[in-house]
Amino acid sequence: MHSKQSKWLWAAAIFVYGFLYVPLIIVVAYSFNDSKLNAEWVGFTFKWYGLLIHNEQMLVAARNSLIIAVVTSFCATVLGTLAGLAMHKYKLRVLPILVLTPIAIPEILMGVALLIFFVMLNMTLGMVSVTLAHIAFCIGFVAIVVRSRLQGMDEALVEAARDLGATPIQAFRLVTMPLIMPGIIAGALMAFTLSIDDFVITFFTAGAGASTLPLQIYSMIRIAVTPEVNAISTLLMLLTLTLILIASKVAPSALRAK
Amino acid sequence: MAKNKSLGRWLISGPPLLYLLIFFAIPTLIMAFAAFRFPGDYGGLLPLIDINPDTGKNELLIHAGNWQEYLTFENFSRFFEDSIYVELFIKSFWYAGITTLVCLLMAYPLAWLIARSPKKYRDLLILLVILPFWSNFLIRVYAWMIILGPQGYFAMTINQGLALLGIAPIQLMYSHFAVIVVLVYVHLPFMVLPLYANLEKHDVALLDAAQDLGASGWQRFWKITWPLSLPGVWAGSALVFIPALGMFAVPDLLGGTDGMMIGNLIKQQFLDSRDWPFGSVLSIMLTLAVLMMAGLGMLIGRGKQRNAL
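Criteria and thresholds
- Residues numbered from 1 in each chain as written.
- Chains lettered and ligands numbered in written order.
- Predicted model: local features only at pLDDT ≥ 70, side-chain atom pairs only at ≥ 80, totals over all residues.
- Heavy atoms only, no water.
- Helix = DSSP H or I, 4+ residues; strand = E, 2+ residues; numbered from the N terminus.
- Rg over C-alpha atoms; globule rule 2.2 N^0.38 Å.
- Buried < 20%, exposed > 50% of the residue type's maximum accessible area, 1.4 Å probe, protein only.
- Contact = heavy atoms within 4.5 Å.
- Areas by Shrake-Rupley, 256 points an atom, 1.4 Å probe, with all protein chains shown as cover.
- Salt bridge = Lys/Arg side-chain N within 4 Å of Asp/Glu carboxyl O.
- Buried area = accessible area lost by both parts, 1.4 Å probe.
- pLDDT = per-residue confidence, 0-100.
- Expected span 1.5 Å × (residues − 1).
- Bend = angle between axes of the 7 residues up to and from the residue.
- Phe/Tyr/Trp six-rings, centres within 6.5 Å; stacked < 30°, edge-to-face > 60°.
- Lys NZ or Arg CZ within 6 Å of the ring centre and 35° of its normal.
- Patch = residues over 30% accessible without salt bridge, like charges linked within 9 Å, V, L, I, M, F, W, Y side chains within 5 Å.
- Lys, Arg positive; Asp, Glu negative; His and termini not counted.
- Charge placed at Lys NZ, Arg CZ, Asp CG, Glu CD.
- Core = buried A, V, L, I, M, F, W, Y, C linked by side-chain atoms within 4.5 Å.

What follows covers the overall build of chain B. Looking only at helices and strands, chain B has 12 helices and 2 strands in total. From first element to last, N terminus to C terminus, chain B shows the α and β order α-β-β-α-α-α-α-α-α-α-α-α-α-α. For 309 residues, the compact-globule estimate of 2.2 N^0.38 gives 19 Å, and chain B exceeds it by more than 25% at 25 Å. Its C-alpha atoms put chain B at 85 × 80 × 35 Å along the principal axes. Among the 309 residues that make up chain B, the fraction classed as buried is 51%. Taking all contacts inside chain B whose residues are at least 6 apart in sequence as the whole, residues at least 24 apart take part in 68%. Accessible surface, chain B: about 15,600 Å² in total, of which carbon and sulfur atoms supply 68%.

Structure below.
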């Protein structure tokens, strides 16, 4: 009975993993295909990567994306952790609404609202407006991760520390903080990815001032499907893969469930 | 002591509160207000403040006598007068709903399996779910453009199979099917993660106890695991349904003319026809729709949880 059940589960799981990975493997494979079309396999080549290195627009976009993601990740982690703590500790009314609605509404709404806002302020759309927008939508994600970590924490641990004579600050620093650290790190990683990945809000707030990798890829695949896109996609995947591996080395606990 | 407490409270909650007020609440209110305004001569909004040619200073143009020249309900009546807008909303709900359901069906067994596998493998298995999510959103869409494209092996194989059965070839790209497959693909991890986080916390002793008392596998799932997992189900459903509802890139790239969703129309109003007031009306309607769904989901979720206890 039990083994039959798990056989079905494993089949379902393998199907889902296949569903998740096969498309990406196809993208990578075609980036080495010596043909302009993503169809028949002709032969192995690196030429699409060669084309990329000389693509000035792409390099600028990559640099912009990285800068925005780093700044966003840092600011959103600080603000999001504070928000998570505040929501866990205090009975607040306004903050939870402000933190959770940006997540609870489709991205496009925030994109157009910020577009109107920045234009009204006569702000030139570009790197700054994009970063400000990214921070705003990342705060909530960090706050949720941190808060759920706090909720999963055994309150008795803090109480025990207090009983043993720890001040509230000591109890926070020595008990709460280490326990929620994986949540904070996970939140930071999440903010970084969300930022570098973001297309919709960037699309509305970037104007002509700043191109990011997603915007660049979008304009490319709208016109034609070329192996050059496969090449930049493969490189981007490699970058994020490396980042996760580094993150899991720096903070193994962030990726460990408990 | 009490003073300290409220100071701490402000120090902790103040910064995020201020940031979100400026970069979320105020822009949203401005957008809501924009829905009642007129479009400007060159797109955007008809300005309420402009330079007075006589004095050379910025002045508020609107006052009690002429407000009707600046504020209107016309944008809203336009939405309800033409049924295509409401139909587009219904179609988008349909897309997002199917996407959520398919995600749930695919994510649940996987999340359950990961939560029940030996502790040392869990990280790896969940990491394998997150990894594709770490690759860029547009890359994931693009991957399916290759697969579903007429020259792709997948589309060709399917059409060869159909040809053997004597059925005319079908186009996979630019169809409802393409939109839903890709919506599922890009949102699936959002469903797996909350489900896993929930299922992982379940006390296995409960299932063992139920088994000892003679409950079958199905009973154990339906009476224990499923009700306990509902918070995860609702969280995952919200995380999938809501972004899917407002999606514009996927229908834009894969949906063709027939696959348009609300998001596409909003984008059109803001960036192409530059009718900001009507774009704002559409955005407000989308917000209301989302709030309604979220409220409904919360009510059902809470009710079911209570019944389970």
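Residue and element names in this part refer to chain B. The full count for this structure, using the stated rule, is 5 salt bridges over all chains. A salt bridge links Asp272 to Lys267; its shortest N-O distance comes to 3.9 Å. The exposure class assigned to Lys267 is buried, which follows from its relative accessible area of 10%.

Glancing now at the interface of chain A and chain B. Interface extent is often summarised as the accessible area lost during association of the parts. Listed as interface residues are 84 residues of chain A and, on the opposing side, 76 residues of chain B. For the chain A and chain B pair, buried surface summed over both sides reaches about 7,700 Å², with 81% attributable to carbon and sulfur atoms. When the buried area of chain A at its contact with chain B is split by residue, Tyr17, Phe19 and Ile116 of chain A rank highest and sum to 8% of it. In this structure, Arg140 of chain B engages Asp197 of chain A in a salt bridge whose closest nitrogen and oxygen atoms are separated by 3.5 Å.

Phi at Asn122 of chain A is positive, roughly 60°, even though this residue is not glycine. Along the chain, Asn122 of chain A falls in the loop between helix 5 (107–120) and helix 6 (127–152). When its relative accessible area of 69% is taken as the criterion, Asn122 of chain A is described as exposed. You will see that Arg274 of chain B, though not glycine, has its phi angle at about 55°, which is positive.

Right, let's get into the confidence of the model for chain A. Mean pLDDT for chain A: 82, with 92% of residues reaching 70 or above. In the predicted structure, residues 253–258 of chain A sits below a pLDDT of 50 and forms 14 contacts with residues beyond four places in sequence or in another chain.

With that out of the way, let us pick up helix 6 of chain A. Compared with the 38 Å implied by 1.5 Å per residue over 26 residues, the 37 Å span of helix 6 of chain A between its first and last C-alpha is a close match. The sharpest bend along helix 6 of chain A comes to roughly 30°, located at Cys138 of chain A.

Side chains of residues three or four places apart in an α-helix project in the same direction, reflecting 3.6 residues per turn. Here helix 6 (residues 153–164) of chain B contains 12 residues, and its C-alpha end-to-end distance of 16 Å stays within 8% of the 16 Å for a straight helix at 1.5 Å per residue. Note on helix 6 of chain B: the residue one or two positions beyond its end, Gly166 of chain B, has a positive phi of about 80°.

Let us now look at the packing of aromatic side chains. Within a pair of aromatic rings, the relevant descriptors are the distance that separates the centres and the angle that separates the planes. Taken as a whole and judged by the stated rule, the model has 25 aromatic pairs over all chains. Between Phe117 of chain A and Phe118 of chain A the ring centres are 5.8 Å apart and the planes differ by 50°, which places this aromatic pair in the tilted class. Classification of Phe117 of chain A as buried rests on a relative accessible area of 7%. Residue Phe118 of chain A is classed as buried on the basis of its relative accessible area of 0%. For the pair Phe203 of chain A and Phe204 of chain A, a centre-to-centre distance of 5.6 Å together with 90° between the ring planes defines the contact as edge-to-face. With relative accessibility at 19%, the residue Phe203 of chain A sits in the buried group. According to the relative accessible area criterion, Phe204 of chain A is buried, its value standing at 1%. Pairwise contacts between aromatic rings join Phe199, Phe203, Phe204 and Tyr218 of chain A together with Phe248 of chain B into one cluster. The lysine or arginine in question, Arg78 of chain B, covers the ring of Phe278 of chain B, its NZ or CZ lying 3.8 Å from the ring centre.

Turning our eyes to something else, we now look at a negative patch on the surface. On the surface, Asp154, Glu155, Glu159 and Asp163 of chain A cluster together into a patch of negative charge. Tracing the chain through its elements places Glu155 of chain A in helix 7 (residues 155–163).

Membership of the largest hydrophobic core comes to 172 residues, with the highest contact counts inside it found for Phe199 and Phe204 of chain A together with Phe137, Leu188, Val250, Leu254 and Leu286 of chain B. Element by element, the count of residues in this core is highest for helix 7 (residues 176–201) of chain B, at 16 residues. Ignoring any residue separated from it by four or fewer positions in sequence, one finds Phe137 of chain B in contact with Asp197 and Phe199 of chain A together with Val186, Met247, Ala249 and Val250 of chain B.

Residues and elements named next belong to chain B. Within the element layout of this structure, Asn159 appears in helix 6. Relative accessible area serves as the criterion here: at 18%, Asn159 is assigned to the buried category. Residues within four places of Asn159 in sequence aside, it is in contact with Pro169 and Ile170.

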